[in-house]
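Commentary on secondary and tertiary structure
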Amino acid sequence: MATNSHASEAFKQYVQKDQDGRSVLIVPEGKYKGWVPRIIYSMHLEDVSLPFLRLMSFPVGGTSIGNLVGMKNFSAVGNYLCLLPKSFGTCKCIEKLNVSFNHFQQIPSSVFNLESLTEVDCSDNELEVLSADIGKLKNLRILKLGGNYLSEVPGEISQCKKIEYLELSRKWYPREGGMKELPKAACGLKELLYLDVSWHQIHTIPDEVGNLTKLESLNLKGNFLRNVSPNIVSCTSLRELNLTGALKLNSYIPPELLQLSELRTLNLNNNYFSQISPKINGLKKLKHFIMRRNALVNLPETLFDLKHLESVEVGDNYLEQLSPSIKKLKKIKTLEMRGNKLSSLPEEICDCLSLESLLLSMNELKQLPENIYRLVNLKELDVSQNNLTTIPLLFDKLEMIGQTGLLDLGGNSIKVPPQEICDQGTDTLFSFLREYRIGHAKHRRKMILIGAAKAGKTSLRNALILGRSKLTAEDERTWVLERHLWEPEPDLRVQVLDFGGHHIYSAAHHMFLTPEALHILVFDLSKYRPEHYDSMVGNWLDAIMDRSPGAVIVMVGTHVDLCKEDEVDENLEDIIDKMKKVEEKKIQEIKIQLVQTDATLNSLTNRDSNTKFNIEIERLTEKRNGIYKMLKTRSELPKMIHVVSCTDELTGVKDFRDLLVRKLKEAEERPLPDPWWKYLQKISKYPEKILSLTEALRIFKSVMNELKQSMISLEGSADKSLEMVLKYLHATGEIMWYADNPKLQKIVFHHPETLVEMLRAIFKHDFEKVVVFNEVFGQLAGLNQKKFEAMKEDFLTKGLMTLELLNFCLYHFKLTPEARDTFVDLMLKFDLCYELPSSLLTNYTSARILRFPWFLRTEASNEVFVKWPTKTPRNIIELSFQFVFPSKSPPNFFEKLSCRLQTHVLKREDWKNGVLAFMNKSRILLTREKKDGGTVILVSVRGSDLQELWGLLLKIYHDMKCLLLEWPLVHVEQNLLCSHCVLRGDNDPFLYPAETYLETICPKNVYQLQTCQKSPDTNIPACLIIPLDAGV
Ligand SMILES: Nc1nc2c(ncn2[C@@H]2O[C@H](COP(=O)(O)OP(=O)(O)OP(=O)(O)O)[C@@H](O)[C@H]2O)c(=O)[nH]1
Ligand SMILES: [Mg+2]
């Protein structure tokens, strides 16, 4: 023990100034034991805290504690005190006194002189009586006397009118003695918020309870309550009622308690109830229902009417089932039913999306609902000690559990996945499940969400995949597209492509559109007006129908929450009506074409046979077959339109989802053969951004070798087998491989994301806003702000992308120059841009410049009119043909053609709707024009070298035919313009069918033809109408 002087020194270090400059003495717990040195009595201390010092008493007389007249707070928790010196009564400033956990048998009388006291804590002492003097402490707000032996409370306590917090609980042992009634005196405390009278023998709550109108919390734990005054309903502020073990003698909950309509928490643990009254639903605002360790055999249905319930804890009862009505509890976060007799869970539990903790250990569960993975907010799941033999295969979708790791599957006999895997924690288990499903899925599909900007595609995707509402923010548009895996059922794997609706992205979409996908056309029903049909529905329907023969299309109107009820049906009818009409017209047109071709064919077959006619018959038969196929493979129009809202109500989403799942599973099963799965695994780990076909083949051979699998025998050769595998993986959306595109065939996109990322770097609807100068990227790309702004402007008006600006845009990909060049190469191959010839780079310092025609905003310059005068100059020949699309041209057709043109020309000038290009002595003009509701793409060549002119014209014609293959079902008229008429200056020249004339060659020894119906008697030089050579 410290000597006095030492002790004084040691003590001084515990005196500090607090933030307000007050002197406080706080002796940290365990730092000092024994007498308190007298030195403290000569200090000016405001706070004195002497916890757990083994203090038995304070010195009396002379310098004493009474000197601390400025003291406001005094605490001596956990000592051996049973007295306080009289002098304590002179500390008149004291407000807070804490002598809990000591040995006081009564509150020292000196305390009652201290009227300034607002808080007294004398809990856990040995008080047997409370002096009537308590009434003198008129400023008391908090009085803690819990854990003593009090058996009554003096009436005078009601004079402490300010008391808000009153603890009167008895020690929980011994159980005899204590109050029999809720003390009436306490019921007079009108300001009371909290009252704890646990561990007494209270059997009655008297009528006076009705005075406690401010009471928020009443703790009656461990009493023997039998009579409750109906006046308790006047306690309208009561939020929390603890009746743990307080109703052991009751066979039912006193009905008066079930009328506490403001109650938030009810604790009925440790009683003996086997039933709960259906009137429990009187507790209308109840949030927490706690009734563990009773003898419940069921829960009343009315419990599920308590829509505010956030937690239900009914562990250790005898419950055998959970009602499907659980789904009505939309706010429930915790459901605790440990130690019951549940053998199954209702599917409806999966609708309790707010659930965070589901605690079901020690039951008899044989399986869990398959859809449990939809509980997106679940953070803790305990199903240990049950009889589970399987777990849902989509378990790993419980993302939150993946993060917390709070999953207990122990003590079951799970076979799939093996219990050993389940016992290794969420990381191992979840990766096992993911891999297992990739290998075992029977249905693998692609699903495309397509439609105008802001149609609601992304929000719908979220609702479908997440199973809850997640609306996108107002300004959150999808860039190009997003690709997501959706696994609505364990054996169904769907790659969802969610397209950005802005028109600029149509340039990219066609790369991802495939007929085998399920197409979902999405539109915002609340914004629909009949005049918007084309932009919201029609154009998108065409984009699918013209491109993907036989595509299955589903239509869905979103935002139904914002629609007026009567307008919904009206608008849907209008859409269906228009769709039908447009389609009928299209079919009619195709049929007329068919009849016309048939008629021409018939007339030709009836003529004498000669070589020219034979070729013509062959060509026409091919054309006829093409048209016939077009008719037969046209997609079926959707028969109905679904309506949904993706807001919290998720109106219609469940039905829509079920329908999609049905449709997705309609197609034949496509399980993935094991060796192919191994192959997919291998290539998905290949580190480069893209995979060459040669490398893909090498890996394929090595996988097959490893597996000692002779896939080669299947298709005859490794190449052929690989082709089959890649086509399959492409169709199921795992990879992208353009089998039919000679330019792209050599590349396998083993990570389809690479393609998307590449496109996103350039194609941004809000390029102007989001691509802004940044010193760091700028420096690395060799750009200062001025240069950057000039280049950006050039891109946004003329579609010109310099290598520097491209580097800037791609910077965050951290590409090597080689990888960047591969990107550029790909974009060139996809006809998304062309490279300006170096001869045109004189105005720029950049080493390479690409043009993306989609971004051109300019009109034709005057120079164009000089170089290509309206009237064909003398001694110059002009040849032209046109493609006429009766409605719109397919998106991108013109831009892609303009990119392809680059391979045939040396110099060019581009504007939004045209190109003027030069090749040797010839000039080429390419224009796009809207005419009579349709689009005309006109290609003209001028020059004096007829051979060169035909050569150029045919190359471009060939390009256009090639491009059309991407839209196999689009209707287009192809005409050769009569050069004779053109050269005569006729603005409305005679039109020849281009397919007939451009795909034949001028027969030998034929020099003149009389074919122009505008000049039927004139002999026209055959070389002006029929190519000299077959061309390309
Ligand atoms: N009230 C209501 N708002 C919706 C609904 N669906 C989407 N929205 C809102 O509509 C706007 C557009 O929704 P998105 O899902 O981003 O539309 P999108 O078709 O993906 O748009 P893009 O990506 O630009 O093509 C957002 O502000 C959404 O919050 C719906 O059913 N009801
Ligand atoms: Mg979107």
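Fair warning: this is a prediction, and the values are worked out from it, not measured in the lab.

**Notes on the sheet that holds strand E23 (residues 492-499)**
Remark on secondary structure: sheet strands pair via backbone hydrogen bonds, oriented parallel or antiparallel. What the six strands build is an open sheet, ordered E22-E23-E21-E24-E25-E26; its pairing is mixed. At either end of the open sheet lies a strand with only one pairing partner, and these are strand E22 (481-489) and strand E26 (641-643). Recorded for the sheet is a direction-independent mean angle of 25° between the axes of neighbouring strands. The pairing of strand E24 (residues 518-524) with strand E25 (residues 552-558) spans seven bridges and is parallel. Note that in E25 the partner of Val522 across the bridge is Val556.

**Overview of the coordination of the magnesium ion (ligand 2)**
Within the protein, Thr458 (OG1) and Thr478 (OG1) serve as the donor atoms for the magnesium ion (ligand 2), at 1.9 to 2.0 Å. In this pair, Thr458 sits in helix H6 (residues 457-466) while Thr478 sits in the loop between H6 and E22, placing the two residues 20 residues apart along the sequence. Like Thr478, Thr458 is buried.

**Quick look at the packing of helix H12 (residues 674-684) against helix H15 (residues 718-731)**
At a minimum axis distance of 11 Å, the contact between H12 and H15 shows a crossing angle of 75°. With respect to H15, the axis of H12 lies roughly perpendicular. The residues of H15 that touch H12, namely those facing Trp676, Tyr679 and Leu680, are Leu722, Met724, Val725, Leu726, Tyr728 and Leu729. Grouping the constituent residues of the contact of H12 with H15 by class yields nine nonpolar, no polar and no charged.

**A look at the packing of aromatic side chains**
With the rule as written, the count across this model stands at 28 aromatic pairs. Pairing Phe990 with Tyr992 gives two aromatic rings, centres 4.9 Å apart and planes at 90°, and the pair type is edge-to-face. Taking NZ or CZ as reference, Lys764 lies 4.6 Å from the ring centre of Trp479, over its face. In this structure, Arg908 is placed above the aromatic ring of Tyr834, and the distance from its NZ or CZ to the ring centre is 3.7 Å.

**Some details on unusual backbone geometry**
Of note, the amide linkage connecting Tyr173 to Pro174 takes the cis form, showing an omega dihedral of -5°. Note that Pro174 resides in the loop between strand E8 (165-167) and helix H2 (184-187). The omega angle of the peptide bond from Val416 to Pro417 is -15°, so this bond is cis rather than trans. Tracing the chain through its elements places Pro417 in the loop between strand E20 (406-408) and helix H4 (419-422). You will see that Asp316, though not glycine, has its phi angle at about 55°, which is positive. Relative to the helices and strands, Asp316 resides in the loop between strand E16 (311-313) and strand E17 (334-336). The backbone phi angle of Lys454 is positive, close to 65°, even though this residue is not glycine.

**Observations regarding the pairing of strand E33 (residues 907-911)**
Summarising the sheet, E33 and strand E34 (residues 914-919) pair through five bridges and their orientation is antiparallel. Across the sheet, Asp910 pairs through a bridge with Val915, a residue of E34. The loop that links E33 with its antiparallel partner E34 comprises two residues.

**A closer look at the sheet that holds strand E30 (residues 834-835)**
In spatial order, the strands read E29-E31-E30; together these three strands make up an open sheet with antiparallel pairing. The sheet is open, and its two borders are formed by strand E29 (799-802) and E30, each paired with just one other strand. Across three bridges, E29 lies against strand E31 (residues 849-856) in antiparallel orientation. Within E31, the position partnered with Thr802 by the bridge is Ile849. Set on the sheet, helix H19 (residues 785-798) makes contact with E29 and E31; between it and E29 the angle comes to about 145°.

**Considering helix H8 (residues 533-545)**
The largest bend in H8 amounts to roughly 25° and is located at Asn539. With ten of 13 residues buried, H8 is to be regarded as a mostly interior element. Among the residues making up H8, those that are buried are Tyr533, Met536, Val537, Gly538, Trp540, Leu541, Asp542, Ala543, Ile544 and Met545. Close packing links the buried residues of H8 with strand E21 (443-450), E24, E25 and helix H9 (565-605).

**Regarding the pairing of E21**
For E21, the buried fraction is high: eight of the eight residues fall into the buried class. Residues His443, Arg445, Met447 and Leu449 point to one face of E21 and Arg444, Lys446, Ile448 and Ile450 to the other, with burial holding for every one of them. The pairing of E21 with E23 spans seven bridges and is parallel. Across the sheet, the residue bridging to Lys446 is Gln495, located in E23.

**Quick notes on the nonpolar core**
Of all hydrophobic cores here, the largest spans 132 residues; its most connected members are Leu50, Phe74, Phe289 and Phe395. Of all the secondary structure elements, the ones that give two or more residues to this core are H2, H4 and helix H5 (426-440). Not counting residues within four places of it along the chain, the set of residues in contact with Leu50 comprises Phe11, Leu25, Val27, Val36, Leu55, Phe58, Phe74, Ser75, Ala76, Val77 and Asn79. Listed in part, the 84 residues of the second largest apolar core include Met511, Phe523, Ile641 and Tyr834.

**With respect to the environment of Pro886**
Tracing the backbone shows Pro886 in the loop between strand E32 (877-885) and helix H23 (893-901). Expressed as a C-alpha distance, the spacing of Pro886 and Gly934, which sit 48 residues apart in the sequence, is 4.5 Å.

**With respect to the pattern of salt bridges**
For the structure shown, the criterion picks out 56 salt bridges. Within this structure, Asp396, Lys397, Arg434, Arg437, Arg444, Glu487, Arg493 and Glu734 form a network of salt bridges that share partners.

**With respect to the packing of helix H13 (residues 693-706) against H15**
Two elements in contact, H13 and H15, have axes separated by 10 Å at closest approach and are oriented at 100°. When the axes of H13 and H15 are compared, the pair comes out roughly perpendicular. Contact with H13, carried on its side by Leu693, Ala696, Leu697, Phe700 and Lys701, involves Ala718, Asp719, Ser721, Leu722, Val725 and Leu726 of H15 and no other residues of that element.

Rules and cut-offs
- Residues numbered from 1 in each chain as written.
- Chains lettered and ligands numbered in written order.
- Predicted model: local features only at pLDDT ≥ 70, side-chain atom pairs only at ≥ 80, totals over all residues.
- Heavy atoms only, no water.
- Pairing = 2+ DSSP bridges.
- Helix = DSSP H or I, 4+ residues; strand = E, 2+ residues; numbered from the N terminus.
- Axes fitted to C-alpha atoms, helices over the stretch in contact; angles between N-to-C directions.
- Donors = N, O, S within 2.8 Å, 3.2 Å for Na, K, Ca; no water.
- Buried < 20%, exposed > 50% of the residue type's maximum accessible area, 1.4 Å probe, protein only.
- Parallel < 35°, antiparallel > 145°, perpendicular 65-115°, else oblique.
- Contact = heavy atoms within 4.5 Å.
- Nonpolar A, V, L, I, M, F, W, Y, C, P; charged D, E, K, R; others polar.
- Phe/Tyr/Trp six-rings, centres within 6.5 Å; stacked < 30°, edge-to-face > 60°.
- Lys NZ or Arg CZ within 6 Å of the ring centre and 35° of its normal.
- Bend = angle between axes of the 7 residues up to and from the residue.
- Core = buried A, V, L, I, M, F, W, Y, C linked by side-chain atoms within 4.5 Å.
- Salt bridge = Lys/Arg side-chain N within 4 Å of Asp/Glu carboxyl O.

Fair warning: the whole summary comes from geometry, so function is off the table for now.
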